[in-house]
Amino acid sequence: MSEFFGFGGYSRTPEGYLSWQHLTFVTSLLLIMTALAVFLGLRNRNKDEKTKNKVLIVAAIMIDAFELFKIVLLCFRGHDPWNWLYNLPLFLCSIQLITIPLAAFARGRVKEAALDFVFIFGLLGAVLGTYGAGQNYGTYPVLSFDNVVSGITHCISGFCSLYIVIAKMASMKKKNILITYAILMGFCVAAYIADIILPYNYMFLMRGDGTPYDIFYNLVHGNPVLYPILVVVMFLIYIAIFYGVFFLIEKGKKKRAQRA
């Protein structure tokens, strides 16, 4: 148990990023995530909104409980009560610690926008936070507290994303697009300020740290101005493409329904 939680540091040598152990572990998590989302989404898609929402309530409680437990343990493990400053929800994936509870408990346009945000970024975060997490799997053993909890929380985000679309909870209304952009930009600004003050690398706005963000970092040769701008622009482009593809699919469905 001491070795799993990393007290005193891990004695095992990390298996390595993209090792078969890494790929087997995260693939297993994503398969479980997908199976649960499909099963619960299909089961609830024709039920009332209250019933559909119960699944999101459980997911919201679970993701925040896991993350809170992680922060407390890391502060205790490192004998540093200020360690929480380096575990703030200011990564793209960890924004879901706030947006999933909003999707579960909020009302009106805030709920709609939160549902859409989780739908748009949940699955992306799950993939990047598992297959793309070079900073984690290159540092810690695969079956360690750091990687297991990270894998679970990222997969909860991916689960919520899939569940929302399968259960037909996503509104994807055009009037809420600006709210989606505002949520992202607000977190990007907060992350950049935290990166400068602490300093740290929230949202990977300072460097790639062995993740796919290194592609953009190398593209601009680590320029401290161009790199964070490029990362944020890519986020915004991703949102635009996601909405565009969604609207095209919905338009195609309507045309096929009319022909039928």
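This paragraph deals with the overall build of the chain. Along the chain, the regular secondary structure elements total 10 helices and zero strands. Each helix (α) and strand (β) of the chain, taken in turn from the N terminus, gives the series α-α-α-α-α-α-α-α-α-α. For the chain, the C-alpha radius of gyration of 19 Å lies close to 18 Å, the compact-globule estimate for 260 residues. Referenced to the eigenvectors of the C-alpha coordinate spread, the extents of the chain come out at roughly 65 × 40 × 35 Å. Taking all 260 residues of the chain together, 47% fall into the buried category. By sequence separation, contacts in the chain at least 24 residues apart represent 73% of the contacts at least 6 residues apart. When the accessible surface of the chain is summed, it comes to about 13300 Å², and 71% of that surface belongs to carbon and sulfur atoms. Of the side-chain charges in the chain, 23 are positive and 14 negative, and the distance between the mean point of each set is 17 Å.

Looking now at the nonpolar core. Judged by nonpolar contacts, the single largest core of 64 residues is most densely connected at Phe159, Leu184 and Met203. Of all the elements in the fold, those that place two or more residues in this core are α2 (20-44), α3 (49-77), α4 (96-105), α5 (108-128), α7 (145-166), α8 (177-197) and α10 (226-259). Not counting residues up to four positions away in its chain, the partners in contact with methionine 203 are Leu90, Phe91, Leu92, Ile95, Leu184, Phe187, Cys188, Ala191, Tyr213, Val231 and Phe235.

With that settled, the discussion passes to the side chain of glutamine 96. Tracing the chain through its elements places glutamine 96 in helix α4. One polar contact links glutamine 96 to threonine 99, side chain to side chain, over a distance of 2.7 Å. Ignoring any residue separated from it by four or fewer positions in sequence, one finds glutamine 96 in contact with Pro101, Phe117, Val118, Phe121, Gly122 and Ser157.

You can see alanine 167 is positioned in the loop between α7 and α8. C-alpha of alanine 167 to C-alpha of lysine 47: the two residues are 120 residues apart in sequence and 8.8 Å apart in space. Not counting the four nearest positions on each side in its chain, alanine 167 is found in contact with Gly41, Arg45 and Lys52.

Let's shift gears to a nonpolar patch on the surface. Together, Val225, Ile229, Val233, Met234, Ile237, Ile241, Val245 and Ile249 make up a nonpolar patch on the protein surface, roughly 650 Å² of accessible area in all. Mapped onto the elements, valine 225 comes out in the loop between α9 (214-219) and α10.

A few words now on the environment of glycine 6. Assignment of secondary structure puts glycine 6 in the loop between α1 (2-5) and α2. You can call glycine 6 buried: its relative accessible area is 4%. The spatial distance from the C-alpha of glycine 6 to the C-alpha of lysine 47 is 44 Å, given a sequence separation of 41 residues.

On to the state of the cysteines, then. Formally, a disulfide is one covalent bond, and it connects the sulfur atom of one cysteine to the sulfur atom of another. Inspection of every chain in the model, using the stated rule, returns zero disulfides. Take cysteine 188: it sits in no disulfide, and the sulfur closest to it among the cysteines is that of cysteine 93, at 12 Å.

This next bit is on the packing of aromatic side chains. A full pass over the atoms with the stated rule returns 23 aromatic pairs. Between phenylalanine 5 and phenylalanine 7, the aromatic rings sit 6.4 Å apart at their centres with planes inclined by 50°, giving tilted as the arrangement. With a centroid separation of 4.9 Å and an interplanar angle of 20°, the aromatic rings of phenylalanine 204 and tyrosine 213 are classed as stacked. Among the residues examined, phenylalanine 204 registers a relative accessible area of 11% and is labelled buried.

Calculation rules
- Residues numbered from 1 in each chain as written.
- Predicted model: local features only at pLDDT ≥ 70, side-chain atom pairs only at ≥ 80, totals over all residues.
- Heavy atoms only, no water.
- Helix = DSSP H or I, 4+ residues; strand = E, 2+ residues; numbered from the N terminus.
- Rg over C-alpha atoms; globule rule 2.2 N^0.38 Å.
- Buried < 20%, exposed > 50% of the residue type's maximum accessible area, 1.4 Å probe, protein only.
- Contact = heavy atoms within 4.5 Å.
- Areas by Shrake-Rupley, 256 points an atom, 1.4 Å probe, with all protein chains shown as cover.
- Lys, Arg positive; Asp, Glu negative; His and termini not counted.
- Charge placed at Lys NZ, Arg CZ, Asp CG, Glu CD.
- Core = buried A, V, L, I, M, F, W, Y, C linked by side-chain atoms within 4.5 Å.
- Polar contact = N/O pair within 3.5 Å; in protein donor to acceptor, adjacent residues only side chain to side chain.
- Patch = residues over 30% accessible without salt bridge, like charges linked within 9 Å, V, L, I, M, F, W, Y side chains within 5 Å.
- Salt bridge = Lys/Arg side-chain N within 4 Å of Asp/Glu carboxyl O.
- Disulfide = S-S within 2.5 Å.
- Phe/Tyr/Trp six-rings, centres within 6.5 Å; stacked < 30°, edge-to-face > 60°.

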